[in-house]
Amino acid sequence: MTKEDNMMTGAQALMECMLAEGIDTIFGYPGGSILPVYNAMYDYRDRIHHVLVRHEQAAVHAAQGYARASGKVGVVVVTSGPGATNTVSGLADAMMDSTPLVLISGQVGSGSLGTDAFQEVNFVGITQAVTKWNIQIKRPEDLPAAFAKAFYVARSGRPGPVVIDFSKDAQTNSAPFHYEKNREHSILSYCPYPNIDMAKIDEAAALINLAKRPIAMIGQGVTLAGAEKELYNFLEKSGMPVASTLLGLSAIPSDHPQYVGMLGMHGNYGPNVKNKDYDLVVAIGMRFDDRVISNANTFACNAQVIHLDIDNAEISKLIYADVPVLGDAKETLPKITRRLQPRNHSEWIKEFRACDRIEMEAVIYPSIKPRTPYLRMAEVASAISEAYNHKAILVTDVGQHQMAAVRYFKYTSPRSVITSGGMGTMGFGVPAAIGAKISMPERDVILFVGDGGMQMNMQEMCTAMQENAHIRIVLLSNNYLGMVRQWQELFYDRRYSATPISNPDYEHIAAAYNFGFRRVERHDDLQAAIEEMKSYNGPFLLQACCEQEENIFPMVPAGASVTDVRLE
Amino acid sequence: MKKRDYILTVFSENRVGLLNQICTVLICKNVNIETLTTSESALAGVHKFTIYVQSTPEEIDLIAKQIEKKVDIMKVFVYTPDEVVMQEIALFKVSRGKSIERIIREHSVRILEVGDDYMVLERTGHTEDTQALLKLLQPYGVQQFVRSGLVAVIKAENEGVSSYLEERLRQKLAEESAEAGK
């Protein structure tokens, strides 16, 4: 129903816009220039739940966790000036990892714009490089259409963050409210779903039918398109092995018979070391990130490349696409599958299993069943994944623990990994876990975090307390900024510059934030600690004190060919 | 790889901050804007940027795609100088004097204004033409000099953006009538 001549303030209109788009949860922090919005929010508090974070950066990360766990659009509300600038890292992270967000920032009154007013900052200018789209609203009558467009742009095509910079007078002034959702073709300059070129579909299918040593490389695009089933069918008919990027993890279950592991710097041995053997790469919703390809000149140098992506700017950006297939994977994949001859590549897949055995012996087994006295990161991750029957949502921060966790967790359902991939934003973990738990309360949410990232947004434990969000934090402690230390060990003669880090007493921290707590240092105590965490009714912090100078392997040294992957 | 001259024509919505959006892409690629002209295009409501840059064939394609990806940008086209007819305009304020009359005659220079002790001259052409003229005039005292950005029209039959817009409008109308029929 439209509500012509329904006069209301811009602030109230914002609330109505949110309801119209089905938003029931927002993350934010109030302040001067957004006060009218918070005032209007008070009347909607039974319908729109506001999660008060403790830092605006965390509001964005929490909204990212919320969006990535549920597939919904994350919404953030902050004030102008520092409230706004604090969100920039989060926006950049969401931009890089294609996360749909709408951020509403307060702005000084339109009459004060450009006068260096209190808490004024050119937020539209600042965020142009880290948003998919942004707009400043200075009149209440402009808000509904802008909001509809913002919401549509954020979630359509390749998703991303959008900023609405909302001046204070536009929040307080009144205008008739009328809301209409944005249609696919109503923005002339924006075509989120490109027309599918059937000639490319035919070419792609022909190449796949001829390939002897093909591999599918999947990225987050599969999840964003909701194309898991379409991927299944494609894999079943093509018979080809499939590897995943970091963000593609959990799009198919880890125990899928054709799954050969994770790509990239700390990925599995097989998909990296076999790279020169591929005669065809079918890239599906992935962007050949430098952590995946390492060296663009040597990557898949004997292969032809079919690249399925919705974003034309990703085609041939780093790796030349012999056959670009533009479009939503949910549409393009079945069209290709229909044209495939059923194939069986089991002999080819066996070659990966041989690699798995090498990795198992050299890396995995010594990591999950260590003979050393100290706990190892992989051991903790593997045991926890097992304890939750591989059904939990894994959230990570950034660093060694991240690689250990994503490598040693197993996945049984989609949207089970939430990690900062492209930006590698330390401090992402704690708020993202809270957001994920709030959006998916029925799922177990387990955060892996290191000593560094924990202290970057540790204050958000208080948000978890206030929200009664029962997240599980697994802190892999080694008193180092571990990933940087690893590089210093391997590439900088063990000169541990600024990487030793002391920790607070986490037992006290946990108690202060009303978290359950357990510290574990010995192999024999691990299982009991996990059980305690599992059964605890409330948020929980498990500090696992791990071997201090453990390194993450396999590892592709930066810039090397991925086939030069090191096992030690 | 050796850099070459390219002319980017960017068609966009007409709203605040668009140049900044384009610049964001160019800054990331560390590409300098040699000249820039913006104006309305032949199509109502469509703004046109003509940007002259130096780049490599691979890089310029990525730049075009990344600019076109911006929500407010409709289309980006990349041309080499031989695909367009282009001109720049230069204005010179020089001291009055008999001695430059020959230069004015020989270089198809227009006289825009004559003051008591100065003249304002105009010359359109390519950069080399206006640069050469500047050099000739300099010994006689050039008080002010300004050269515009490059403007260009393409030699090919149509600009491409009109067919894009027609298609988008057709889709929009179809969508709206489908919606109304529900």
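Cut-offs and rules
- Residues numbered from 1 in each chain as written.
- Chains lettered and ligands numbered in written order.
- Predicted model: local features only at pLDDT ≥ 70, side-chain atom pairs only at ≥ 80, totals over all residues.
- Heavy atoms only, no water.
- Helix = DSSP H or I, 4+ residues; strand = E, 2+ residues; numbered from the N terminus.
- Areas by Shrake-Rupley, 256 points an atom, 1.4 Å probe, with all protein chains shown as cover.
- Pairing = 2+ DSSP bridges.
- Axes fitted to C-alpha atoms, helices over the stretch in contact; angles between N-to-C directions.
- Parallel < 35°, antiparallel > 145°, perpendicular 65-115°, else oblique.
- Left-handed = near helix turned anticlockwise from the far one by under 90°.
- Contact = heavy atoms within 4.5 Å.
- Nonpolar A, V, L, I, M, F, W, Y, C, P; charged D, E, K, R; others polar.
- Buried area = accessible area lost by both parts, 1.4 Å probe.
- Salt bridge = Lys/Arg side-chain N within 4 Å of Asp/Glu carboxyl O.
- Polar contact = N/O pair within 3.5 Å; in protein donor to acceptor, adjacent residues only side chain to side chain.
- Disulfide = S-S within 2.5 Å.
- Buried < 20%, exposed > 50% of the residue type's maximum accessible area, 1.4 Å probe, protein only.
- Domains from an automatic or database assignment.
- Phe/Tyr/Trp six-rings, centres within 6.5 Å; stacked < 30°, edge-to-face > 60°.

Turning to the overall build of chain B, a few remarks are in order. Scanning chain B from N- to C-terminus turns up 5 helices and 9 strands. Ordered by position from the N terminus, the helices and strands of chain B form the series β-α-β-β-α-β-β-α-β-β-α-β-β-α. Reported as C-alpha extents along the three principal axes, the dimensions of chain B are approximately 80 × 40 × 30 Å. Summed over its atoms, the accessible surface of chain B is roughly 10200 Å², and 51% of this surface lies on carbon and sulfur atoms.

Time to look at the sheet that holds strand β18 (residues 472-477) of chain A. Residues and elements named next belong to chain A. The strand order across the open sheet formed by 6 strands is β16-β15-β17-β18-β20-β19, and the pairing between neighbours is parallel. At either end of the open sheet lies a strand with only one pairing partner, and these are β16 (417-418) and β19 (516-520). Pairing geometry for strand β17 (residues 445-450) and β18, over 5 bridges, is parallel. What sits directly across from Ile446, in β18, is Arg472.

All names here are of chain A. If you trace the 6 strands from one edge of the open sheet to the other, you get β11-β10-β9-β12-β13-β14, paired in parallel fashion. The open sheet has two edge strands, β11 (259-262) and β14 (323-326), and neither has a second partner. Geometrically, the sheet is characterised by an average inter-axis angle of 15° between neighbouring strands, direction not taken into account. Here 3 bridges tie strand β9 (residues 214-218) to strand β10 (residues 242-244), and the two strands are oriented parallel to one another. Bridge pairing links Met217 to Ala243 in β10.

Residue and element names in this part refer to chain A. One way to put it is that helix α9 (residues 198-210) packs onto helix α14 (residues 329-338) with a least axis distance of 9 Å and a crossing angle of 50°. Looking at the two axes, α9 sits oblique to α14. Handedness of the α9/α14 crossing: right-handed. Facing α9, whose interface residues are Met198, Ile201, Ala204, Ala205 and Ile208, α14 presents Thr332, Lys335 and Ile336. In the contact of α9 with α14, the residues fall into 6 nonpolar, 1 polar and 1 charged.

As a further point, take the interface of chain B and chain A. Interface extent is often summarised as the accessible area lost during association of the parts. At the interface, 25 residues of chain B touch 26 residues of chain A. Across the chain B to chain A interface the summed buried area is about 2300 Å²; carbon plus sulfur atoms make up 50%. Interface area lost by chain B to chain A is led by Lys65, Val71 and Arg168 of chain B, which between them contribute 30%. Here chain B and chain A share 3 salt bridges between them. Across the salt bridge formed by Glu179 of chain B and Arg183 of chain A, the nearest N and O atoms sit 3.6 Å from each other. Put simply, chain B and chain A have 17 residue pairs in polar contact (both at pLDDT 80 or more) between them. Top contributing element to the side of chain B that touches chain A by residue count: helix α5 (residues 161-181) of chain B, with 10 residues.

This part takes up the state of the cysteines. All names here are of chain A. One pass over the structure, following the stated rule, counts 0 disulfides over all chains. Between Cys301, a cysteine without a disulfide, and Cys355, which holds the nearest cysteine sulfur, the sulfur-to-sulfur distance is 16 Å. Overall, Cys301 belongs to the partly exposed group, its relative accessible area being 40%.

With that settled, the discussion passes to the domain arrangement of chain B. Residue and element names in this part refer to chain B. What the domain assignment reports for chain B is domain 1 (4-79 + 151-181) and domain 2 (85-147). Relative to domain 2, the C-alpha centre of domain 1 lies at a distance of 33 Å. Listed per partner, the contact involves 6 residues of domain 1 and 4 residues of domain 2. For domain 1, the biggest contributors to the area lost against domain 2 are Val151, Val153 and Lys155; these three give 64% of the whole. Where domain 1 packs against domain 2, one counts 0 salt bridges. Linking domain 1 with domain 2 are 2 residue pairs in polar contact (both at pLDDT 80 or more).

All names here are of chain A. Looking at the secondary structure, you find Leu224 in helix α10 (residues 220-225). On a C-alpha basis, the gap between Leu224 and Ala148 in space is 20 Å, while along the polypeptide they are 76 residues apart. Contacts of Leu224, omitting those with residues within four sequence positions, involve Ser98, Pro159 and Arg415.

The geometry of an aromatic ring pair is captured by two quantities: the separation of the ring centres and the angle between the planes. Residues and elements named next belong to chain A. If you walk through the whole model with that rule in mind, you get 16 aromatic pairs over all chains. Ring geometry for Phe27 against Tyr66: centres 5.6 Å apart, planes inclined by 70°, an arrangement best described as edge-to-face. In this pair, Phe27 is assigned in strand β2 (residues 25-28) and Tyr66 in helix α3 (residues 56-70), connecting sequence segments 39 residues apart. One exposure class covers both Phe27 and Tyr66, and it is buried. Centre to centre, the rings of Tyr278 and Phe352 are 6.4 Å apart; their planes meet at 20°, and the pair counts as stacked. One end of the pair, Tyr278, is in the loop between α12 (269-273) and β12 (280-284); the other, Phe352, is in helix α15 (residues 346-368), and 74 residues separate them in sequence. Each member of the pair, Tyr278 as well as Phe352, carries the same accessibility label: buried.

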